[in-house]
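# Breakdown of the fold
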Amino acid sequence: MPTTTETAEKAHAAEPRGGLRRRWGNSVLPRHLTLAALGLLAVTVVLETTGSFANSQLASMAYLGIAAGGLTVLTGLNGQLSLGHGAFMAVGAYTTALFLDGDNPLPLPGVLAAATLVTLLVGAAVGVAAARLHGPYIAGATLALAVAVPGVVLHFDRLGGEQGLGVRMPETPAWVLDAAYFVTGSELNPTKYVAYIGWAALVVTYVLLANLMRGRVGRTWRAVRDDEVAAEIAGVHLGRARVLAFVVSTACAGLAGAVMAMAVRITAPSGFSLTLSLTLLSAVVLGGLGSLTGALIGSALLTFLPHLVTGVGVDAGLTDVRAAELAPAVYGLTMIVVILVAPAGITGTVRNLWRRRRGAA
Amino acid sequence: MQQLLTTALGGLTLGAVYAAFALALCLIWRSTRIVNFAQAPMAMITTYIALVIIDAGHSYWTGFAAALIGGLLLGAVVERVVVRPVEGKAEINAVILTLGLFILIHAVAGIVFGSRYRSFPAPFGVRGLTVGDTSIALTGFGVFTVVAVVVVMGLLVLLFRYTEVGLRMRAAAFNQEVARILGVKVGRMLTLGWALAALVGSLSGLLIAGGSLVHPAYMDSVVVYGFVAAVLGGLDSPVGSVIGGMLLGLSLSAVSGYLGSELVPLAALVILMAVLLLRPGGLFSHHAERRV
Amino acid sequence: MFEVRDLTTSYGPVRALDGVSFTAREGRVTAVLGANGAGKTTLLRTASGLVRPQRGQVLLEGRDITRTPAEDMARLGLAHVPEGRGVITELTVEENLRLGGLHRPARTRAADVERICRLFPVLGERHDATAHVLSGGERQMLVIGRALMAAPKVLLLDEPSLGLAPRIVAQIFGLLRSLVASDGLTVVLVEQNARSALSIADVGVVLNLGKVVVQDDAAALAADEKLRHAYLGF
Amino acid sequence: MSPPTTATTERTDREGGPPAVFSITDVSVRFGGVQALSAVSLDVAPRQVLGVIGPNGAGKTTLFNVACGFVRPDTGRLLWKGEELTGLRPHRLASLGIGRTLQGLGLFDRMTVLENVMVGADRHARTGFASALFGLGRGARDDAALAARAREALAGLGVERYADRLPGSLPYPVRKRVALARALVGEPELLLLDEPAGGLANDDMAELGELIRGLTDRMAVMLVEHHMDLVMSVCDDITVLDFGRVIARGGPDEVRRDPAVVAAYLGEEVGDDAGDVAGGETGGETGEETGDRRPGAGE
Amino acid sequence: GAGGRPDDGEGKTTPDVGITDDTIKIGGHFPLTGVAAPGYSEIPSGHKAYYDYVNANGGVNGRKIEYVVKDDAYNPTNTSTVTNELVLKEEIFGMVAGLGTPTHTAVVDFLNAEKVPDLMVSSGSLMWGDDPSKRPWTFGWQPDYMIEGKIIGQWVKDNMPDAKVGLFLQDDDFGRDGEAGARKYIDGQIVETVRYTPGNTDVAPQLAKLQAADVDLVLGFNVPSYTALSQLTAMKINFKPKWFYSNVGSDPALVGSLLARFSEGKVKSSAALLDGVLTTEYIPGVDATDSEWLKLWQKVWDAHGAEGELTNYRIYGMSQAYTFVQALQAAGDDPSREGVVDALEKVGATLEGPGLAPFRYSEESHLGISGMEVVRLKDGKGESLTPVLVTDIGDAPITEDDSAAKDVPPANGIPDVKPAS
Ligand SMILES: Nc1ncnc2c1ncn2[C@@H]1O[C@H](COP(=O)(O)OP(=O)(O)OP(=O)(O)O)[C@@H](O)[C@H]1O
Ligand SMILES: Nc1ncnc2c1ncn2[C@@H]1O[C@H](COP(=O)(O)OP(=O)(O)OP(=O)(O)O)[C@@H](O)[C@H]1O
Ligand SMILES: [Mg+2]
Ligand SMILES: [Mg+2]
């Protein structure tokens, strides 16, 4: 879809091209790995210094961040609008629930990989169809997908119907507990364990996505987004590029679903409502379309804002129902205000300001 | 046989309701190139306006008129205040904006009107008609619904095909700058487009609510199916919207009655994909493919 | 009569027009020339209200229209053929033409459309086609035809010859001359191709980096070899 | 649909010359009521510049679209280096060795100039998805090689210093060159140029002419253009289309003098039957006044 | 020790989480927004009113009860988040009356793992009490859908043996358990089964199917809005069977007010719209005007209620709150989390309260109220057709037990249960 995603526009122009690139030679990997290591360190510090509830919130932020990262690739880089990424998270989550169900479940990395792979396959099938569509037609199809998948789940008894499947986390391996204790000096409770898994998955995902975005594949995606015909003439197979973007993006959603299943401890159709898909998209745009930092900021917003607002409402003496309505009201208002005031999203706007400052100096 | 007839007639009225909503989407798409996800909560608000008026003791038709006028004003205000800055800009920004509106209006309605169920009256009766001894699963209000939708569709076709205002609206939607240098008051046209669309949206809200229950989320499922109907028909075509809506209503009703209601969303997806794979621009798109 | 005085326009830090003044007299073709990026397009866009100037005035028949919104220009008798793809590709050829005549009385509209289709027979043939399928040159004809639908007093043309076959260019330039002669139309013609523009213009205005560098009789400009080499590239 | 009858429309057989790199045989295309091309044939010899001219709507772009696989012809065949191209799809062009520019610009607005050109160089990439995903050194080296190629292509057209800018902020002639660089960086053996001079000023056009001539030591060029100065000065051979048919072909001088071409396209000496647009007296005047910009006059 | 950790502190519980000398903090999750909010969002206001009443009268053993309510919008993901918040951040003593099967399923294991009492789940799923060894900290409250299905089934078999029965079921375990119960008695009479998905308000196709099967009696395991919708739709398609709605769906005040608009003047009062409809009752509702319990609830609501009328949802909440206060009292002066659970297992079956049948609480079962009576609605009131019938899940027989139906509230409206140990 030739979305004129203004929000993403400066994403690339504004990267500090020359400098960093030269310092690291031509390979982006060392830089991404360094950032990843720093990120993991920061995550460890944060998880160890905050309480259990904050840990659980951070786990949610991790899975939202993974899905948002994938979506930002699809929408920001390839210009395809998906209103149905929640459905792919559902696929990942259900796969996880099923794989963890048996008596001898796969080890966790295996489960995560399986969830990613299964979702990837589903994503490929949907992507092949979506690649033929444009603009509002993709939106329509993915919207229908978002509501169809929970329906399908209801249809199969094996999937637990309305009440869903419980997710049994495998016992935390003893060596992990020991290692965690050795490093941090405190016990690793299940909540924190899931948060670590989520953030590790996020960091790996982001490194891989960042690699893709910087390299040949990302360039091809952006070319398709900007001008299909010109891209095609330059030798890009449009369908293949689109499907690839879709597949990568849905693989992320699958992984996100897997982490979500572990964090939420259940997968039920009502957990993958249309709202999930739509808020994911809004998070990506609010954070700043086409940038992984933006996706992360967006998912933070999604995780923390409603909770903060409800708290404020209750403190202000509103009844529970009113306070509960306040959170969506503020979230909706935030979406509107950000789009009106900072159409390039938070990262985009900050970057523009910074550039202007630098330009002026 | 009886079941088939009942299911078909039910599907027809349901389809008319989707069609009405799809018409509103189509109108706004034609006049601003925006898919207005906030259409449903806007219609929900105007339905509540009608309900408040009816509950205050006024007639159904007073409430009906108030809702339509309310829709007209609401559409105009929303366009002028909120949507104006994103028109002609990145498509996704408009999408997010209307989603934001969706959430906001929803929450505000919850705060203002509360979230309990309320029943909404319907003129012309909600009992099935009886012809001689056999009863037909079609209510007076159902007939009204179908007629209203067809009339609105006709008016929209006339508006776009034969009137100058329609032409101006479309020009403004497609290319603001060119329209402007040709003397089209672009801002006014966009406002008009939103106002009319919100009016049609309110109508759909009233038709869905009539003889049924309302609460702040009562239009939510219509968002999906109305949008699917509009896309099926080709988004650009009022006739397509109506046919898409009817088709969807009939098929979903059949699926729900014969296969199971949990399969309804899946059926919608299957129908949509089947149509789009054959005609990526919907049933009624003009296929004027020229890429270079 | 069309006049700009001390017109100055910037895009952010880029000053595209810097104190431009000239007068395009009634019944004359005034050619605005200059290299790529000289500010020609900006001049026309400012004049027709699409861009706000920072300073200066635009006068149409003595009336100040500097702050008049673009959508009122057509009614005042100013038509603008924008640079490049100015057709609304989603509308049909006929609808595009009808849009040009919005300010003309409705009854003459059909006749006007017919007249334009006679001028550009291709448009007549493709009457009901979506403008999207037209070839580059056909689109350019459509834009010019649409501007003529308005029966304007002042016609601003931004590179009308772009993508047109030589014979059509000749025809259009000929047509302009005849309209100028018969209806007293005022034409401001922006052209990349200075040689052919000067061949039909009465007066030439040469822009460079947003400033008027020369303003003279077309013939005199064409004759000034030094000037031609410096600014007009032929 | 009957084959062309006039002598000039017969195909020039190049005795002893090298075989054509690319030939189009008997191609017809119909869009609804419009016969955009009827039984058009032409050959492009290696290292030749073949001009395709004709009135607006004659089918020139459509011909290019057929050659690129954007339009599937109703009848006819395409031969690339002697092999028939069946079911040609546009994305295969680059790997076949055919480059093309678009009638507009077709630049990727939100990518830097360098990246724009790198997309064109993609055909030279050697590594795949995996090395991009894992950021392997191989992929990085590959990318560096593409960037080097792209810079070289930009440098060849004298626009290397814009490499890190976004195209939208650049002067029009520079953008045109970037688009050309993107087509050239793929090192095609045949380059299709659709109105490359549109919107260029005279001196830029002259440079473009030289540039195109300069390409012929590496590739064949097919050129659609309405600027006769350029066409006449760079083309070895010209094919003239009108209403989807070939109405003339030959060298520049030959074509220029062909009365059918003059009547349909060039418009000199047509005086009164140009009256579609202009009245009689202005028609004559125009013919005269524009006369001096005809090719040859003063060159 | 392993990983260099000290070897003590195994499995230590903190007995005094959420409780101080003068307060006890409990929490609940409810759909306050979204599609499921209508109706259900009123339940916590009933709880709060009753706790306020108790607090105003000195609290339980001097402790004021603080009820923290979180919105989950009926989305299990949110339930999980807000439960984390309640347990880890608010540090509640226990979860009380968390609502919904899919939603509560999402957190039940977590609550048990954290050893947080999970009392009076607002759902009739069997899961909350059929296997206390699996979920020792969780207790149900209302009669489960299975015994309701059995009681209804037996009544139909005895009283309408020739009726062709059609089932109208919500497509989740509410419908499923109810169906299973009913089929134990009338499997042969059931000629057609249709299900609706909550949220899809078009039930015409389902009812057309029942109509086509010539059904005489429709048995509905559905929520109140679908009672109204099914009645309306039946009107539209001229379908006139007898109706038997499960307790959940038959709130005559609510449904009647919803249908009132469409009566077209044929009946005088809205409550009469459901005349003749069969249903069951296990606590006195707003229609039981001469019940002492209703008088108490009305008094509490008038004094401490939020805005709005007293409704059956609020009564449901207050009735639960009453049971919770009893449980707390039973746990003694210094209740611990474990103490409350133990107390309920020990004395739960003997608690007196608004429930018409006794609780089944024991070490073997954490299921709630054990039975109900079948009633026919007349002018918005239920006329008893049977004595209180009690039974249990599985093949347990159905017996009569009026013992608990005679309970009356204490004069001050606050229970006075002796410590269990
Ligand atoms: N939208 C814009 N934003 C920023 N700068 C602009 C914009 N449009 C034009 N410019 C700059 O303003 C200057 C004048 O541009 P303008 O388009 O008016 O030139 P022109 O003479 O019409 O050129 P051309 O012959 O290429 O059409 C140029 O430097 C151009 O880069
Ligand atoms: N997809 C299409 N559907 C209908 N008609 C088409 C389509 N594509 C091209 N045409 C018509 O076919 C004819 C040839 O178009 P083409 O673009 O090839 O012309 P051209 O020779 O390139 O003209 P120009 O010099 O103006 O660019 C035109 O009349 C055009 O309107
Ligand atoms: Mg210009
Ligand atoms: Mg062309």
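The structure displayed is predicted, hence computed values, not measured ones. (Residues numbered from 1 in each chain as written. Chains lettered and ligands numbered in written order. Predicted model: local features only at pLDDT ≥ 70, side-chain atom pairs only at ≥ 80, totals over all residues. Heavy atoms only, no water.)

## Looking at the sheet that holds strand S3 (residues 29-33) of chain C
All names here are of chain C. Convention followed: Whether two strands pair depends on DSSP finding at least two bridges between them. Segments assigned H or I by DSSP are reported as helices when at least four residues long, segments assigned E as strands when at least two residues long, and all are numbered from the N terminus. For helices, the axis comes from a line fit to the C-alpha atoms of the stretch in contact; other axes are also lines fit to C-alpha atoms, and the angle between any two N-to-C directions lies between 0 and 180 degrees. The contact rule is simple, with two residues in contact once any of their heavy atoms fall within 4.5 Å.
In spatial order, the strands read S6-S7-S8-S3-S9-S10; together these six strands make up an open sheet with mixed pairing. With partners counted over all chains shown, the strands left at the sheet margins are strand S6 (78-81) and strand S10 (211-217), one partner each. Between one strand axis and the next, the sheet turns by 15 degrees as a mean value, whatever way the strands run. Both S6 and strand S7 (residues 154-158) contribute to a ladder of four bridges, which runs parallel. Each bridged residue has a counterpart across the sheet, and for Leu78 the counterpart in S7 is Val154. The sheet contacts of helix H1 (residues 40-47) involve S3, S6, S7, strand S8 (186-190) and strand S9 (203-208), and relative to S7 the element is tilted by about 145 degrees. In this fold helix H7 (residues 166-183) packs onto S3, S7 and S8, with an angle of close to 155 degrees to the strand it touches most, S8.

## Some details on the site of ligand 1
Our working rule: Whether a residue is near a molecule or strand is decided by its heavy atoms; if any one of them lies within 4 Å of it, the residue is near. Any pair of N or O atoms that falls within 3.5 Å is considered a polar contact. Within protein, one atom must be able to donate a hydrogen and the other to accept it, and sequence-neighbouring residues count only if both atoms are side-chain atoms. The accessible surface values rely on the Shrake-Rupley method and a 1.4 Å probe; as for residues, cover is taken only from the protein chains in view.
Taken together, 14 residues form the shell around ligand 1, and within it C:Gly37, C:Thr41, C:Thr42, C:Glu83 and C:Gln192 come nearest. Residues within reach of ligand 1 are spread across chains C and D. C:Gly39 has a polar backbone atom sitting 2.9 Å from an oxygen atom of ligand 1. C:Thr41 has a polar side-chain atom sitting 2.5 Å from an oxygen atom of ligand 1. Protein chains bury 67% of the 630 Å² of accessible surface belonging to ligand 1 in isolation. Per element, the largest residue contribution to the shell around ligand 1 is three residues, and it comes from H1(C).

## Description of the packing of aromatic side chains
The condition that has to hold: Note on aromatic contacts: the rings of Phe and Tyr and the six-membered ring of Trp form a pair at centre separations within 6.5 Å, being stacked when their planes are under 30 degrees apart, edge-to-face when over 60 apart, and tilted otherwise. By the criterion adopted, a ring carries a charge over it if an Arg CZ or a Lys NZ lies within 6 Å of its centre and within 35 degrees of its normal.
One pass over the full model with this rule turns up 35 aromatic pairs over all chains. Of the aromatic side chains, those joined through ring pairs into one cluster are B:Tyr60, B:Trp61, B:Phe64, B:Phe120, B:Phe124, B:Phe141 and B:Phe144. Geometry around B:Phe160 places B:Arg30 over its ring, the cationic atom sitting 4.5 Å from the centre. The ring of D:Phe108 has D:Arg182 sitting right over it, with the charged end atom 4.7 Å from the ring centre.

## Concerning the packing of helix H1 (residues 2-32) of chain B against helix H9 (residues 220-233) of chain B
All names here are of chain B. Short version of the rule: Working rule for angles: under 35 degrees goes down as roughly parallel, over 145 as roughly antiparallel, 65 to 115 as roughly perpendicular, anything else as oblique. The hand of a helix crossing depends on one turn: near helix anticlockwise from the far one by less than a right angle means left-handed, and clockwise means right-handed. Polar here means any residue outside two lists: the nonpolar Ala, Val, Leu, Ile, Met, Phe, Trp, Tyr, Cys and Pro, and the charged Asp, Glu, Lys and Arg; Gly therefore counts as polar.
Contact geometry of H1 with H9 gives a least axis separation of 8 Å together with a crossing angle of 70 degrees. On the basis of the axis angle, H1 is roughly perpendicular to H9. Crossing hand, H1 versus H9: right-handed. Where H1 approaches H9, its residues Tyr18, Phe21, Ala22 and Leu25 are matched on the opposing element by Val222, Val223, Tyr225, Gly226, Phe227, Ala229 and Ala230. Split by residue class, the contact of H1 with H9 holds 10 nonpolar, one polar and no charged.

## Comments concerning the packing of helix H9 (residues 190-214) of chain A against helix H14 (residues 292-315) of chain A
For any two helices packed against each other, the geometry comes down to the angle between their axes and how far apart the axes lie. Residues and elements named next belong to chain A. Look at H9 against H14: their axes get within 11 Å of each other, and the N-to-C directions meet at 150 degrees. The orientation of H9 relative to H14 falls into the category roughly antiparallel. Contacts from Trp199, Leu202, Tyr206, Leu209, Ala210 and Met213 of H9 reach H14 at Leu292, Ala295 and Leu296. Of the residues contributing to the contact of H9 with H14, the split by class is nine nonpolar, no polar and no charged.

## Describing the confidence of the model for chain D
All names here are of chain D. To keep it simple, the criterion reads: Known as pLDDT, the predictor's per-residue confidence is scaled from 0 to 100.
Of all residues in chain D, 83% attain a pLDDT of 70 or more, and the chain-wide mean is 82. Per-element averaging of pLDDT across chain D places helix H11 (residues 280-291) at the bottom with 35 and strand S3 (residues 49-53) at the top with 95. Here residues 1-15 is a poorly scored stretch, pLDDT under 50, and it has 28 contacts once near neighbours within four places are set aside; other chains count. Here residues 269-299 is a poorly scored stretch, pLDDT under 50, and it has 46 contacts once near neighbours within four places are set aside; other chains count. The complex model carries a pTM of 0.89, and its ipTM stands at 0.87.

## Overview of the interface of chain B and chain A
Quick note on the threshold: Accessible surface is computed with a 1.4 Å probe, and the buried area is the amount of it that two parts give up when combined, taken over both parts together. Put simply, a salt bridge is a Lys or Arg side-chain nitrogen that is within 4 Å of an Asp or Glu carboxyl oxygen.
Taken together, the contacts link 45 residues of chain B with 49 residues of chain A. Summed over both sides, the interface of chain B with chain A buries roughly 4,000 Å², with 78% coming from carbon and sulfur. If you look at where chain B meets chain A, you find zero salt bridges. Between chain B and chain A we count five residue pairs in polar contact (both at pLDDT 80 or more) in total. Among the secondary structure elements, those contributing two or more residues to the side of chain B that touches chain A are helix H4 (91-113), H9 and helix H11 (264-278) of chain B. The biggest single contributor to the side of chain B that touches chain A is H4(B), with 15 residues. Within the side of chain B that touches chain A, the residues separate by chemical class into 34 nonpolar, seven polar and four charged.

## As for the coordination of the magnesium ion (ligand 3)
Operational definition: For Na, K and Ca the donor cut-off is 3.2 Å; for every other metal, N, O and S atoms count as donors within 2.8 Å. Water does not enter the count, which can leave sites looking incomplete.
Surrounding the magnesium ion (ligand 3) are the protein donor atoms C:Thr41 (OG1) and C:Glu83 (OE), at 1.8 to 2.5 Å. Here C:Thr41 is found in helix H1, whereas its partner C:Glu83 is found in the loop between S6 and helix H3 (93-100), with 42 residues between them in sequence.

## Some points on helix H11 (residues 312-330) of chain E
Residues and elements named next belong to chain E. Put simply, the rule is: By this rule the span expected of a helix is its residue count minus one, scaled by 1.5 Å. Each residue gets one of three labels from its accessible area relative to the maximum for its type: buried under 20%, exposed over 50%, partly exposed in between, using a 1.4 Å probe on protein chains only.
Taking 1.5 Å of rise per residue, 19 residues should cover 27 Å, and H11 covers 27 Å from first to last C-alpha, within 8% of that figure. In terms of burial, H11 is a largely internal element, 19 of the 19 residues being buried. Just downstream of H11, Gly332 is the residue with a positive phi angle, here 95 degrees.

## Digging into the sheet that holds strand S2 (residues 14-24) of chain C
All names here are of chain C. One open sheet holds the four strands; their spatial order is S2-S1-S4-S5, and the pairing between them is antiparallel. Since the sheet does not close on itself, it has two edges, and those belong to S2 and strand S5 (63-64), each with one partner. Pairing of strand S1 (residues 2-11) with S2, which is carried by seven bridges, proceeds in the antiparallel orientation. Paired with Glu3 across the two strands is Thr23, which belongs to S2.

## Quick notes on the pairing of S1(C)
All names here are of chain C. Among the 10 residues that make up S1, seven are buried, leaving the element largely enclosed by the rest of the structure. Following S1, the chain reverses through two residues before pairing antiparallel with S2; Gly12 in that reversal takes a positive phi of roughly 55 degrees. Relative to strand S4 (residues 55-60), S1 runs antiparallel, the two being bridged by five bridges. Across the sheet, the residue bridging to Arg5 is Gln57, located in S4.

## Describing the coordination of the magnesium ion (ligand 4)
Residue and element names in this part refer to chain D. Around the magnesium ion (ligand 4), the donor atoms from the protein are Thr61 (OG1) and Gln103 (OE1), and they sit 1.9 to 2.6 Å away. Taken together, the residues Thr61 in helix H1 (residues 60-68) and Gln103 in the loop between strand S6 (98-100) and helix H3 (113-121) connect sequence positions 42 residues apart. There is no split in this pair, since Thr61 and Gln103 are both buried.

## Focus on a negative patch on the surface
Applicable threshold: Each patch is built from residues that are more than 30% exposed by relative accessible area and take part in no salt bridge. Like charges join if they lie within 9 Å; nonpolar side chains (Val, Leu, Ile, Met, Phe, Trp, Tyr) join within 5 Å. Note on charges: Lys and Arg go in the positive column, Asp and Glu in the negative column, and His and the chain ends are not counted at all. By convention, charge coordinates are those of NZ in Lys, CZ in Arg, CG in Asp, or CD in Glu.
Residues C:Asp216, C:Asp217, C:Asp224 and C:Glu225 make up a contiguous surface patch of negative charge. Position of C:Glu225 among the secondary structure elements: in helix H10 (residues 225-232).

## Some words on the state of the cysteines
All names here are of chain D. This is how the line gets drawn: Cysteine sulfur atoms that come within 2.5 Å of each other are treated as a disulfide pair.
What the rule picks out here adds up to zero disulfides over all chains. Here Cys235 stays unpaired: no disulfide links it, and the sulfur of Cys68, its closest cysteine neighbor, is 17 Å away. A residue is classified by how much of its surface remains accessible, and Cys235, at 6% relative accessible area, is buried.

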